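# Residue-level structural notes
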Amino acid sequence: MTQSRPLLEVKSLSVTFPSEAGPVEAVRGLSYHVMPGEVMGIAGESGSGKSVSSLAVMGLLPRRARIAGSVRFEGEELLGRGDKDLSAIRGGKIAMIFQDPLSALTPVYTVGDQIAEAVQVHQTVSKQAAMDRAVELLNLAGIPNPRERARAFPHEFSGGMRQRAMIAMAIANNPKLIIADEPTTALDVTIQAQILDLLLKAKEATGAAIVMITHDLGVMAGFADRLTIMYAGKPLEAGAVDDLYYRPRMPYTIGLLGSIPRIDAAPGTPLTPIEGSPPSLTNLPPGCPFTPRCPMRVDLCRKVEPDLVRMNGSGEEHFAACHRSAEIEQKNLTGLDIFPAPADRTRDFSRVSDVPVLRITGLKKHYPMVRGAILHRRIGTIQAVDGIDLEIREGETLGLVGESGCGKTTTIMEILSLARPSSGAIEVLDRKTAGMTAQDRFQIRREISVVFQDPMASIDPRMPISDILAEPMLTHGVPADERARRIGELLKMVGLRPEHTSRYPQEFSGGQRQRICIARALALKPKLLVLDEPVSALDVSIRAGVLNLLEELKAELGLSYLFVAHDLSVVRHISDRVAVMYLGRIVETGEVNCVFNHPAHPYTQALLSAAPLPDPRKERARRRIILKGDLPSPANPPSGCRFRTRCQKFADELNDQQRQKCIDVDPVLCEHGNAGSDHRAACHYAEGGKLN
Amino acid sequence: MASLPSPIVESPVETTGNDSRFRLILRRFLRRRLAIAGLSVVLLLFAFAYIGPHFYKWRYDQIDFEAFLQHPSATHWFGTTQNGFDMLALTMRGMQKSLIIGLIGAVLSTGIAAVAGATAGYFAGWADRAIVALIDLILVLPGFLIIAILSPAFHGRTWLIFVVLLAAFQWMITARVIRSMTLSMKEREFVYAARFMGVPDWKIIFRHILPNMSSFLIIDATINVSSLILAEVGLSFFGFGVQPPDISLGTLIGDHWESAQTANGYQFYFPAILLVVLVLSVNLVGDGLRDALDPNAGTAAGKGAGSK
Amino acid sequence: MVYLAFLVLIATSATYFLAAAALNPRSNFAGRNPPPPPAVIDAQLTSLNLNDKTPILVRFGRWADGVLHGNLGLTIDHDSVNAEMGRRVGVSLRLLLIGSLLGSLCGIAAGAWSAVKQYQLSDHAMTLLSFAILSVPTVVLAVFLANAGASFNDAIGHRLVYNTGEYTPGLEAWSGADVVNRLQHLVLPSLVLILQGLAFYSRYQRNSMLDVLGSDFVRTAQAKGLRRSQALIRHALRTALIPMGTFFAYEFALIFIGSIFVEKIFSWHGMGEWFVQSIQKNDVNATAAIGMFVAVLVLFAGFLSDVVTVTLDPRIRRA
Ligand code: SF4
Ligand code: SF4
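Residues numbered from 1 in each chain as written. Chains lettered and ligands numbered in written order. Predicted model: local features only at pLDDT ≥ 70, side-chain atom pairs only at ≥ 80, totals over all residues. Heavy atoms only, no water.

Quick look at the overall build of chain C now. Broken down by element type, chain C carries 14 helices and 0 strands. Along the longest, intermediate and shortest principal axes, the C-alpha atoms of chain C span 85 × 60 × 35 Å. Taken over 319 residues, chain C has a buried fraction of 56%. For chain C, the proportion of contacts with a sequence separation of at least 24, taken over those separated by at least 6, is 73%. Treating the 24 positive side-chain charges of chain C as one cloud and the 19 negative ones as another, the clouds have centres 10 Å apart. (Helix = DSSP H or I, 4+ residues; strand = E, 2+ residues; numbered from the N terminus. Buried < 20%, exposed > 50% of the residue type's maximum accessible area, 1.4 Å probe, protein only. Contact = heavy atoms within 4.5 Å. Lys, Arg positive; Asp, Glu negative; His and termini not counted. Charge placed at Lys NZ, Arg CZ, Asp CG, Glu CD.)

Here the focus is the overall build of chain B. Secondary structure assignment for chain B yields 12 helices and 0 strands. Ordering the α and β elements of chain B from the N terminus gives α-α-α-α-α-α-α-α-α-α-α-α. Looking at chain B residue by residue over its 308 residues, the buried ones come to 57%. Of the contacts formed within chain B by residues at least 6 apart in sequence, a portion of 70% connects residues at least 24 apart.

To continue, consider the side chain of asparagine 153 of chain C. Relative to the helices and strands, asparagine 153 of chain C resides in helix H7 (residues 138-156). Setting aside its immediate chain neighbours within four residues, asparagine 153 of chain C contacts His158, Arg159, Leu160 and Val161 of chain C.

Taken together, 13 residues lie near ligand 1, and Met250, Cys288, Cys294, Cys301 and Cys322 of chain A sit nearest. Looking at the shell around ligand 1 residue by residue, the class counts come to 9 nonpolar, 2 polar and 2 charged. (Near = heavy atom within 4 Å. Nonpolar A, V, L, I, M, F, W, Y, C, P; charged D, E, K, R; others polar.)

A few words on the pattern of salt bridges. All told, the structure shown has 57 salt bridges over all chains when counted by the stated rule. Between lysine 331 of chain A and glutamate 327 of chain A there is a salt bridge, with its nearest N and O atoms 3.3 Å apart. In this pair, lysine 331 of chain A and glutamate 327 of chain A are both assigned in helix H12 (residues 325-331), 4 residues apart and thus about one turn of the helix distant. On the basis of relative accessible area, glutamate 327 of chain A is assigned to the partly exposed category, the value being 23%. Among the ionic pairs, lysine 97 of chain B bridges to aspartate 246 of chain B, the shortest N-O distance being 3.9 Å. Of this pair, lysine 97 of chain B sits in helix H3 (residues 87-123) while aspartate 246 of chain B sits in the loop between helix H10 (214-237) and helix H11 (249-256), placing them 149 residues apart in sequence. The class of aspartate 246 of chain B is partly exposed, set by a relative accessible area of 26%. Salt bridges sharing partners connect three or more residues here, namely Arg262, Asp264, Asp615 and Lys618 of chain A. (Salt bridge = Lys/Arg side-chain N within 4 Å of Asp/Glu carboxyl O.)

Attention shifts here to the domain arrangement of chain C. Residues and elements named next belong to chain C. By the assigned domains, chain C splits into domain 1 (2-68) and domain 2 (85-318). Distance from the C-alpha centre of domain 1 to the C-alpha centre of domain 2: 35 Å. The interface of domain 1 with domain 2 comprises 18 residues on the first partner and 14 residues on the second. Per-residue buried area on domain 1 facing domain 2 is highest for Leu4, Val8 and Leu23; these three make up 33% of the total on that side. (Domains from an automatic or database assignment. Buried area = accessible area lost by both parts, 1.4 Å probe.)

Residues and elements named next belong to chain B. The full count for this structure, using the stated rule, is 24 aromatic pairs over all chains. Measuring from centroid to centroid gives 6.0 Å for phenylalanine 46 and tyrosine 50, while their planes differ by 20 degrees, and the two rings are stacked. Taken together, the residues phenylalanine 46 and tyrosine 50, both in helix H2 (residues 33-50) and 4 residues apart, mark about one turn of the helix. Assessed through its relative accessible area of 28%, phenylalanine 46 is described here as partly exposed. (Phe/Tyr/Trp six-rings, centres within 6.5 Å; stacked < 30°, edge-to-face > 60°.)

Here the focus is the sheet that holds strand S21 (residues 577-582) of chain A. Residue and element names in this part refer to chain A. Taken in spatial order, the 8 strands of this open sheet run S18-S19-S20-S15-S21-S22-S24-S23, and their pairing is mixed. In the strand order of this sheet, the two ends are held by strand S18 (448-451) and strand S23 (670-671), each with one partner. One ladder, built from 5 bridges, connects strand S19 (residues 528-532) with strand S20 (residues 560-565); its direction is parallel. Among the inter-strand pairings, valine 530 is bridged to a residue of S20, identified as leucine 562. (Pairing = 2+ DSSP bridges.)

Take a nonpolar patch on the surface next. All names here are of chain B. A surface patch of nonpolar side chains, amounting to about 360 Å² of accessible area, comprises Leu103, Ile104, Leu108, Leu160 and Val164. It is H3 that provides the largest number of residues to the nonpolar patch, a total of 3 residues. Mapped onto the elements of the fold, leucine 160 is located in helix H6 (residues 159-168). (Patch = residues over 30% accessible without salt bridge, like charges linked within 9 Å, V, L, I, M, F, W, Y side chains within 5 Å. Areas by Shrake-Rupley, 256 points an atom, 1.4 Å probe, with all protein chains shown as cover.)

Attention shifts here to the sheet that holds strand S9 (residues 226-231) of chain A. The strands making up a sheet associate through backbone hydrogen bonding, with each pair oriented either parallel or antiparallel. Residue and element names in this part refer to chain A. Taken in spatial order, the 8 strands of this open sheet run S6-S7-S8-S3-S9-S10-S12-S11, and their pairing is mixed. Two strands close off the open sheet at either side, each with one partner strand: strand S6 (94-97) and strand S11 (309-310). Pairing between strand S7 (residues 177-181) and strand S8 (residues 209-214): 5 bridges, direction parallel. Looking at S8, one finds that aspartate 181 is bridged to isoleucine 213.

Residue and element names in this part refer to chain A. Burial of S21 is extensive: 6 of the 6 residues sit out of reach of the surface. The alternating pattern of S21 places Arg577, Ala579 and Met581 on one face and Val578, Val580 and Tyr582 on the opposite face, and all of these are buried. Sheet topology places strand S15 (residues 397-401) next to S21; 4 bridges connect them, and they run parallel. Residue pairing in the sheet places glycine 399 in a bridge with valine 578 of S21. Between S21 and strand S22 (residues 585-591), which pair antiparallel one after the other, the connecting turn spans 2 residues, and leucine 583 there sits at a positive phi close to 50 degrees.

Around ligand 2, the surrounding shell consists of His601, Pro602, Cys641, Phe643, Arg644, Cys647, Phe650, Leu654, Cys662, Cys683, His684 and Tyr685 of chain A. Partitioning the shell around ligand 2 into residue classes produces 9 nonpolar, 2 polar and 1 charged.

Turning to the interface of chain A and chain C, a few remarks are in order. Listed as interface residues are 33 residues of chain A and, on the opposing side, 24 residues of chain C. Where chain A abuts chain C, roughly 2,500 Å² becomes buried across the two surfaces, and 56% of that area is made up of carbon and sulfur atoms. Taken as a group, Pro107, Val108 and Glu117 of chain A account for 20% of the area that chain A buries against chain C, more than any other trio of residues on that side. In this assembly, chain A and chain C are joined by 2 salt bridges. Residue arginine 234 of chain C pairs with glutamate 117 of chain A through a salt bridge whose shortest N-O separation is 2.7 Å. Counting every contact that joins chain A to chain C gives 14 residue pairs in polar contact (both at pLDDT 80 or more). Elements represented by at least two residues in the side of chain A that touches chain C include exactly helix H1 (50-58), helix H2 (83-89), S6, helix H3 (111-122) and helix H6 (159-170) of chain A. If one sorts the elements of the side of chain A that touches chain C by residue count, H3 of chain A sits on top with 5 residues. Across the side of chain A that touches chain C, the residue classes break down as 18 nonpolar, 7 polar and 8 charged. (Polar contact = N/O pair within 3.5 Å; in protein donor to acceptor, adjacent residues only side chain to side chain.)

In this section: the nonpolar core. Ranked by size, the top nonpolar core spans 170 residues in total, and within it Phe144 of chain B together with Phe256, Phe266 and Phe275 of chain C carry the most contacts. A total of 15 residues in this core trace back to one element, the largest contributor, which is H3 of chain B. Membership of the second largest hydrophobic core comes to 115 residues, among which are Val211, Leu217, Val241 and Leu333 of chain A. (Core = buried A, V, L, I, M, F, W, Y, C linked by side-chain atoms within 4.5 Å.)

All names here are of chain A. Phi angles above zero are rare outside glycine, and leucine 418 is one such case at about 55 degrees. With respect to the element layout, leucine 418 can be found in the loop between helix H14 (408-417) and strand S16 (423-428). On the basis of relative accessible area, leucine 418 is assigned to the buried category, the value being 0%. In the Ramachandran plot, leucine 583 falls in the positive-phi region, its phi being about 50 degrees despite a non-glycine side chain. Residue placement: leucine 583 occurs in the loop between S21 and S22. Residue classification places leucine 583 among the buried residues on the basis of a relative accessible area of 1%.

Attention now goes to the interface of chain C and chain B. Taken together, the contacts link 53 residues of chain C with 50 residues of chain B. Of the roughly 4,400 Å² buried between chain C and chain B, counting both surfaces, carbon and sulfur atoms make up 77%. In terms of surface lost to chain B, no three residues of chain C exceed Phe131, Ser135 and Tyr250 of chain C, which account for 12% of the buried area on that side. Across the contact surface, chain C and chain B share 1 salt bridge. Where aspartate 287 of chain B meets arginine 203 of chain C, a salt bridge forms, and the shortest distance between an N and an O atom there is 3.5 Å. Linking chain C with chain B are 3 residue pairs in polar contact (both at pLDDT 80 or more). At the level of secondary structure, the elements contributing two or more residues to the side of chain C that touches chain B comprise helix H1 (2-22), helix H6 (121-134), H7, helix H8 (176-213), helix H11 (244-265), helix H12 (271-280) and helix H13 (284-312) of chain C.

The structure is reproduced here in structure tokens:
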């Protein structure tokens, strides 16, 4: 890494798009360089310009984009070159991997053809040779039966496999540089671990440098050597990962790191929320773009935009763009010094009573798998949920975790529809849904409400806030004057201004809309809130605020939460108890500290080890359990233990006789650890693992 | 329950209100010069058809016994027919009928499509299958044929029957689009939210689902106006549509097309060209509306003025 | 396939019922001078299976029985419907096939090109042209073209294209002169349908292509080193073709209706002309036969468009 000449050198790059509201300044003065073989990270929230800047490097922006500055690759300027020149470099010396591997592959060609095409563009080889090379690349990328799978179409691949194919395509011509744009964002955490692992292998195999673009500071910590943090199109801080994570010198970076829930932190560790939301990129005011959200702002910040300057105290190349970073460095300020301390969050378990608000026993949900538009033929059964038990007591938060396809969404849809389940029972406030009349069901809807993942999609964009909040009350016959009073009260409760009732959802940011959704869910004073991934669609800096709000509301109003999420760190942060789901079953459940500190089920262990930590040293020291393969089809689950096809314990530790038990006998949830605790796991060989 | 002290008070990020959404749409529409031109022409033609007759000395049912088959002149601006009727007066009268047929028919057809499509998509099950089968059936038998076959049965009755029939055979493709839009909107979280708070199904359809397609419905209705005007012309041309004594642009073209290749071509060209101008303008308005209301719409809203 | 056949069945029966209910063959005799005695009229109508004094279901039963045995009944003039249809089908199919094939090909090419040149002059011109064509009723377009053909002949001083009839009688069948002559007759009527197909498809193809142009996989194609034009043709165009299959079925019904006007204006003796005449003559059996013809045609188009879609789209193929 001591070579003198950088592979890629970006200087004062700026990108502007024309728009109806005026020019959008997507990137403003970005400079960075990448040395051969190193991993350079660019992190930022949505709209920070991180993806746009990499597309600019590749010359892949739409023509209306105005690009200025300089991009030098191996000393040669790339900006301003024609399509012909650039296409000789693209896919050859510089390769790119995109976020969503489904839309990034052409649906009408086989995966093999698409990789072979990449080979043939840059090498004069026969069609057959290119195809052979494609198969070899797929094999390298860890795709089983590569020769056969090469003939499959993208829609026949799972998300993880598609991303493997993308990587195979990227390394087809031994590139010098790979630009990976959010390569794991659309993937589940265990698949993310596989892909990150593969990316590192690909890097070793080709010796390429990587530009890694992600919003996830956890992923970045273990992956990148150096890092640039972008905000509103500007780099705000840059340097070696250790410097940035352990010695951040500007308020945005500090706030960001403080707002991420960590899987290794005890529940209740306070998060420092950053108020407000990122600025609009049109008509940016002068001065530091972070000013409106910065607790340290001074008058100067509003007038003069700070430049990136070298920090003397830490490593060689640590830069920050803040008027007060010298002061931060000197006083060694941290998030707790800068950001207002959140409300007191001591947990009060005494509030958890023994009264269950929701009890589920033996719930099953099987869908018929049908084919044919007119004459439906049943060709199988999808066992989306296959016999689960859950219980939530008053004042308690139950976290339900699992990856996509595990059945958690089906579970909450079953609960919320309040219908008679096809098998098993659902009891809300001690009343079985099976015996309810339509009227009963309508009444009980007051007690249980829901907040969905995507705040953009969960409120009707054509209604003003007042109508949105009034709808549940209107439906349940709350009188008009009471409604009006309650709407103001609700808005205040979730931290919005009561004057805003006549505004429309479009006028609010994502975080604010999620607050509106929470307010709506609380309108009828329910006992139980079902929270379906309530923060995963939000930007990192906004999540903390919503999480804190949820906790405060729960404490004040004595609510119970069913908190569904795929993000373990969020679940750990907010839950009292947790249930881990895999392929329609609950594989482990218990008090949150027990499960996270001493995971007993191999799947939980793998999940925990795959969850990234925003802590470079810990990340580097960690040994990851990388699960094999993909989730089996819920239409055809493995015999015996459903996890056995991917179980690391089954594969590496057990002897044949023990294995036979896993194959033959379906393990049930049984008590684990100290007698009396409700920590239970569904594994024949459950044990107390350690969080590494 | 006392209201909580609020930890964070945020204000909206942008200041684009709903009326500024309207202004944005207006701005986008106005930027399309062609759409503006189309709108102006449509308005002019409306005035021409409905106000024009009050300022013109000939009435459509008046015979000038001194001018049979007379070419355009100062007295008869568009000339006369061989029976001495004034072409301009006839054209204005015919335009009235074409316009009103287009408007009523379009509203009816889009209305049927909205209700049928949303019902099929939302309720699934047998209602869905019945509506889809009906749509398939009507698509197999083009409306033109059915209306033509039925035309002897509405001879001598009000033209409104004809309009209803036109609408009854115009809604299917729109209904299909609305059905698939409903299918996806039904899975949207705000619809789930309404369902889980106990809002009745029909209210969800009319409060949440259809209003969220209003852009598409407006565009569709506009395009339908031109489709229906064209359909009217086609049917009336053969005498299957508007029946005498009513006059429409279709009957005029049907009566006079054979003159097109003679020296008396004016009898054909005046109504025909005005008709084309009208339909083109309506289409331009529709296209402008699409750009303004639904700038990202792809093929879903790309239903063109396809019927003849 | 079963469903399709079922639809044809329903559609044909429905046509028969509608025609039998709405058309009134008895009125054909009303204007005769001297008026024939009622018994004669009844006998005449009964022999054609058109007597409205016979219950409609009985008439339908007789007709359906005939149809199942390949006999479509008699026309109002006591000719065989089968024979008349045999004469006319070929005439119409020629127009329909040429119109739909050339129309869709030109339309797809024009639409794709328009999309690639989005917002450039050629795109605007193409868009305006297709809008203009879609705004002209088929009758008017046909009359325009018929006149334009005549003027064209006058201008070059030689009769290159014909605007009446299908061929000039008297030429030896399938001789070189006859083929050329038929082509000369074919140009203008086909052009009407081709222009309409062009306008129709180019709108959809342009939209479909624009949807695809911004998609990630086109970007991927460029990222692996394809030139923009290569990426557009190999990846974008190929994918944007998929929705076109669906439109084929719709357009085929429309094009048949278009051919009714074209046959009228250009005096071709095809199915379309026959349809208009049958209704004017209250000819129930002929009308029902045409209804069947159209239903079969549309369903065949529907079947073809399914085949095309499945061929183009692997996601459907293996689903
Ligand atoms: S420059 Fe000012 S506003 Fe910007 S981060 Fe530094 S202290 Fe905050
Ligand atoms: S039962 Fe066997 S296969 Fe299943 S999780 Fe335990 S060890 Fe793994």
